[in-house]
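Letter by letter, the chains look like this.
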Amino acid sequence: SLFKPDYDGLYLKSLPNKIVHRAIINNLDSVSYPVSQIMPLVQTVQDRFVVEIQRGCNHGCRFCYAGYIYRPVRQRDIQGVYDIAINGINRSGFYEVSFLSLSAGDYRGLDELFSRLNEIFVSRGISLSIPSLRVDSAGPALLRELSRVKKTGITIAPEAGSERMRRKINKDITEQDVLKAVEVAFSYGWELIKLYFMIGLPEETEADIEAIVSLSYKILDTAKRYNKRPDINITISPFVPKAHTPLQWDRLEDREVLITRLNYLRRKLSHPAFNIKKINLHLTEIEALLSRGDRRVADLLIEANSLGAYLDAWTDNFDFSVYQRAGEVFKERYGFGIDEYLKTRDKKRILPWEFISTGISKEFLIRERENYSKGIWTEDCSISTCSMCGVCDFEEVKNRINDGRGLNTAGGVKRPSVTESISYYRMRYAREGDMIYASHLDIINILTKALMMSRLEPVFKGKFNPRPDISLGHALPIGVYSTTEYFDFALKREYASYDVKSAIQRFLPAGLRVMEVIASKSRFESICKMTKGVRYDVYSERLPDISVIQNLLSQESIRVKREKTDGVKEVDIRRFIKDIKLSSGVLRVYLLYENEGTGNIYEILDLLSMNNRTDMIIKKDRLYFTEEEMDYEISNTD
Ligand code: SF4
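Reading the values: rules and limits
- Residues numbered from 1 in each chain as written.
- Predicted model: local features only at pLDDT ≥ 70, side-chain atom pairs only at ≥ 80, totals over all residues.
- Heavy atoms only, no water.
- Patch = residues over 30% accessible without salt bridge, like charges linked within 9 Å, V, L, I, M, F, W, Y side chains within 5 Å.
- Areas by Shrake-Rupley, 256 points an atom, 1.4 Å probe, with all protein chains shown as cover.
- Salt bridge = Lys/Arg side-chain N within 4 Å of Asp/Glu carboxyl O.
- Lys, Arg positive; Asp, Glu negative; His and termini not counted.
- Charge placed at Lys NZ, Arg CZ, Asp CG, Glu CD.
- Helix = DSSP H or I, 4+ residues; strand = E, 2+ residues; numbered from the N terminus.
- Buried < 20%, exposed > 50% of the residue type's maximum accessible area, 1.4 Å probe, protein only.
- Polar contact = N/O pair within 3.5 Å; in protein donor to acceptor, adjacent residues only side chain to side chain.
- Contact = heavy atoms within 4.5 Å.
- Pairing = 2+ DSSP bridges.
- Axes fitted to C-alpha atoms, helices over the stretch in contact; angles between N-to-C directions.
- Domains from an automatic or database assignment.
- Buried area = accessible area lost by both parts, 1.4 Å probe.
- Parallel < 35°, antiparallel > 145°, perpendicular 65-115°, else oblique.
- Left-handed = near helix turned anticlockwise from the far one by under 90°.
- Core = buried A, V, L, I, M, F, W, Y, C linked by side-chain atoms within 4.5 Å.
- Nonpolar A, V, L, I, M, F, W, Y, C, P; charged D, E, K, R; others polar.

Engineer: Hey, could you go over a negative patch on the surface for me, with residue numbers and the actual values?
Structural biologist: Taken together, Asp29, Asp77, Asp83 and Asp403 make up a surface patch of like negative charges. Structurally, Asp83 can be placed in helix α2 (residues 78–92).

Engineer: Which residues make up the side chain of Thr358, and what are the values?
Structural biologist: Locating Thr358 in the fold gives a position in the loop between β13 (356–357) and α12 (362–374). Residue Thr358 is classed as buried on the basis of its relative accessible area of 9%. Within the structure, the side chain of Thr358 is placed 3.3 Å from the backbone nitrogen of Ile360, a separation counted as a polar contact. Not counting residues within four places of it along the chain, the set of residues in contact with Thr358 comprises Arg22, Ile69, His244 and Val391.

Engineer: Run through unusual backbone geometry, naming residues and quoting values.
Structural biologist: A cis amide bond links Arg71 to the next residue, Pro72, at an omega of -10°. As for its position among the elements, Pro72 is in the loop between α1 (65–69) and β6 (74–75). Of note in this structure, Leu311 is not a glycine but carries a positive phi near 45°. Structurally, Leu311 is set in the loop between α10 (297–306) and α11 (320–334). Judged by relative accessible area, Leu311 falls into the partly exposed class, the value being 40%.

Engineer: Quick rundown of the sheet that holds strand β8 (residues 127–129)? Include the residues and the values.
Structural biologist: Strand order in the open sheet formed by three strands is β4-β7-β8, with parallel pairing between adjacent strands. The sheet terminates laterally at β4 (49–52) and β8, the two strands that pair on one side only. Direction aside, neighbouring strands of the sheet carry axes that sit 25° apart on average. With four bridges connecting them, β4 and strand β7 (residues 96–100) associate as parallel partners. Its bridge partner lying in β7, Val51 is registered against Phe99. The sheet contacts of α2 involve β4 and β7, and relative to β4 the element is tilted by about 160°.

Engineer: Break down the environment of Gly327 for me, with residues and values.
Structural biologist: Considering the arrangement of structural elements, one finds Gly327 in helix α11. Here the alpha-carbon distance between Gly327 and Leu300, two residues 27 residues apart in the chain, equals 6.7 Å. With sequence-adjacent residues up to four places away left out, Gly327 is seen in contact with Leu300 and Ile338.

Engineer: A description of the domain arrangement of the chain should follow, citing residues and the corresponding values.
Structural biologist: Taken domain by domain, the chain comprises domain 1 (415–528) and domain 2 (531–635). Look at where the C-alpha atoms of domain 1 and domain 2 centre, and you get two points 28 Å apart. For the pairing of domain 1 and domain 2, the buried interface totals around 1200 Å² over both sides, and the portion due to carbon and sulfur atoms is 54%. Area buried by domain 1 at its contact with domain 2 is led by His474, Tyr481 and Thr484, which between them contribute 41% of it. Our count for the domain 1 to domain 2 interface comes out at one salt bridge. Lys620 is the salt-bridge partner of Glu485, the closest N and O atoms lying 2.7 Å from each other.

Engineer: I'd like to hear about the packing of helix α6 (residues 175–187) against helix α7 (residues 206–224), residue by residue, with values.
Structural biologist: Look at α6 against α7: their axes get within 9 Å of each other, and the N-to-C directions meet at 30°. On the basis of the axis angle, α6 is roughly parallel to α7. Like other packed secondary-structure pairs, α6 and α7 cross with a definite hand, here right-handed. On the side of α6, the interface is formed by Glu175, Val178, Leu179, Val182, Glu183 and Phe186, while α7 contributes Leu215, Lys218, Ile219, Thr222 and Ala223.

Engineer: Describe the pattern of salt bridges, listing the residues and the values that go with them.
Structural biologist: Any two side chains of opposite charge can pair, so long as their charged atoms come close to each other. Under the definition given, this model contains 49 salt bridges. Taking the shortest distance from any N to any O, the salt bridge between Arg559 and Glu570 comes out at 3.1 Å. On the criterion of sequence distance, the pair formed by Arg559 in strand β21 (residues 559–564) and Glu570 in strand β22 (residues 567–572) is long-range, its members being 11 residues apart. The exposure class assigned to Glu570 is partly exposed, which follows from its relative accessible area of 45%. The closest approach of N and O atoms between Arg622 and Glu633, which form a salt bridge, is 2.8 Å. Of the two residues, Arg622 sits in strand β25 (residues 617–624) while Glu633 sits in helix α18 (residues 627–635), which places them 11 residues apart along the sequence. According to the relative accessible area criterion, Arg622 is partly exposed, its value standing at 24%. Under the relative-accessibility criterion, Glu633 is labelled buried at 17%.

Engineer: Quick rundown of the nonpolar core? Include the residues and the values.
Structural biologist: Membership of the largest hydrophobic core comes to 66 residues, with the highest contact counts inside it found for Val97, Phe99, Leu113 and Ile193. Among all residues touching Phe99, those that are not within four sequence positions of it are Val51, Ile53, Val81, Ala85, Ala104, Leu113, Phe114, Leu117, Leu128, Ser129, Ile130 and Pro131. Listed in part, the 32 residues of the second largest apolar core include Tyr11, Ala243, Phe320 and Ile360.

Engineer: Account for the packing of α7 against helix α8 (residues 255–268), naming residues and giving values.
Structural biologist: Two elements in contact, α7 and α8, have axes whose closest approach is 10 Å; the angle formed by their N-to-C orientations is 25°. Between α7 and α8, the angle falls in the class roughly parallel. Viewed along their axes, α7 and α8 form a crossing whose handedness is right-handed. Across from Glu206, Ile209, Glu210, Ile212, Val213 and Tyr217 in α7, the residues of α8 making contact are Arg261, Tyr264, Leu265 and Lys268. Tallied by class, the residues present in the contact of α7 with α8 amount to six nonpolar, no polar and four charged.

Right, dumping it as structure tokens:
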């Protein structure tokens with residue numbers, strides 16, 4: 001590593017000769033943006049196209065790590081954002097664009113940008129979203145544009161309940177701003193908002209906690225004027241001091257105090273409209289340890305991992321006792337416990353992260369900490385005067401605010417408006433190669449994205465969360481080849497079937513092959529309802545003896561255990577087994593559907609003791625839409 005630290009407790013005795021300086025992209029428009037992105041075949045959590053519209057935020061909330069390490073504000077040119085959004089959507093198949101920024105509402109010209117994008121996107125069912133909204137920027141025009149297709153959640157972060165605390169943390173919004181934003185959101189039809197509050201901030205009093213209760217109920221009263229049953233999700237997080245911020249010297253509040261305050265808030269906010277998110281204070285302690293740790297904390301993590309800590313962000317995996325045991329080992333080695341990392345630090349000493357420079361001077365951070373105690377505002381330097389944090393050289397590195405003008409929408413390719421003439425299409429496709437291992441949900445994701453990318457203009461359905469109007473046949477068991485998979489969808493226009501076939505095939509991965517497409521002016525009957533039976537062909541070196549098959553078929557009842565979401569259930573699958581035949585070295589399994597349920601081919605193979613499936617190929621090439629059809633075929637099979 002760069003240097004060998006010489007520690008004195010939690011501090012460095014001296015700084016190395018060379019300091020690591022943060023790299024800064026001065027102008028976001030000068031670097032290319034990936035509009036042709038690699039599309040995952042599985043559905044991802046962030047299932048949307050993302051445009052970074054701004055880097056940095058100069059509101060100067062004194063607890064906020066990102067607010068300090070990403071200075072100054074650099075907004076992408078509005079034309080650049082527009083072009084990226086249009087191209088990104090056209091090439092990706094997503095049907096949501098998220099405009100990423102620490103404070104998207106600050107982006108100049110956002111209303112105009114959204115309005116122009118919606119001219120293209122609304123008819124295509126593509127929605128716009130922003131990660132969170134500062135309440136002072138949640139105006140009617142912006143919310144109207146955001147709600148045109150889908151109302152994604154609105155997050156409002158007052159952070160503190162009282163004006164006094166908001167002044168300390170430099171959150172320059174008033175109670176009126178918060179209530180106004182809530183009013184606008186609910187008047188535009190939002191039914192759920194998320195609120196973020198922090199507790200355990202330095203110098204917090206009981207009155208500040210009470211103010212969270214009072215503000216929450218005022219928000220509820222405001223929401224109720226527009227919605228009788230509003231949903232308000234409230235997250236109350238303990239303040240965790242972060243390196244490189246003005247509060248980096250402050251401690252994590254005592255556990256007992258946090259518990260008392262959290263319990264008090266939970267009690268006071270017990271109302272059906274409020275949904276209070278659970279907080280695990282042990283996880284908070286780990287977060288606090290990591291956010292102001294030094295490289296010795298790596299030893300603790302390695303020790304914890306060797307004791308079983310793994311994927312701890314999943315709370316059911318998290319076991320704090322593992323960290324306590326690792327902490328004992330740590331204490332033996334370094335002479336102090338991990339609790340030390342959570343305590344107040346001395347401003348005169350050298351903090352272990354000071355060999356990294358964000359560009360912000362220590363003097364500025366100390367001044368801001370003093371302003372915290374005095375409750376003095378520091379204004380947003382991107383719209384007011386510079387407060388001399390030290391980041392800018394004012395030539396290359398400086399705030400860059402887009403002028404929000406001159407948007408040219410010629411590249412947006414609006415389709416000529418035609419009278420919608422909805423047509424329905426049924427596509428039969430094959431699954432082969434790696435695609436036999438894709439789950440049903442992944443196949444839905446892949447087909448939907450291909451449909452969106454094909455620009456065939458699918459019809460969307462659903463009022464609050466519109467999705468393409470599609471349906472698929474029954475889920476194919478994993479590992480089975482098939483030429484009888486079905487995908488139904490509706491398009492706003494009439495196309496020739498072969499055009500639809502080639503338009504979709506173009507965007508499908510290897511292993512998904514369109515066999516045929518048929519069109520109809522009326523909706524097809526559900527393929528699941530139509531399906532009365534299926535035949536699986538099993539190819540293997542080790543097929544069962546005919547006597548084993550006959551023995552199975554002679555049973556009146558065959559009970560198997562199935563795992564359901566509500567536990568393990570026993571099901572009699574005998575009624576689903578129509579017949580099993582050995583024909584020309586192939587095992588043919590005929591299964592019936594009843595109320596859209598059937599037997600699973602793997603259950604049948606287990607019953608035939610065909611558990612070793614390494615050399616086995618299973619194909620599903622035949623569906624039956626009447627039982628007579630199936631009977632006829634069985635009677636004509638040797
Ligand atoms: S140097 Fe001044 S203008 Fe630049 S980010 Fe800091 S406070 Fe803002």
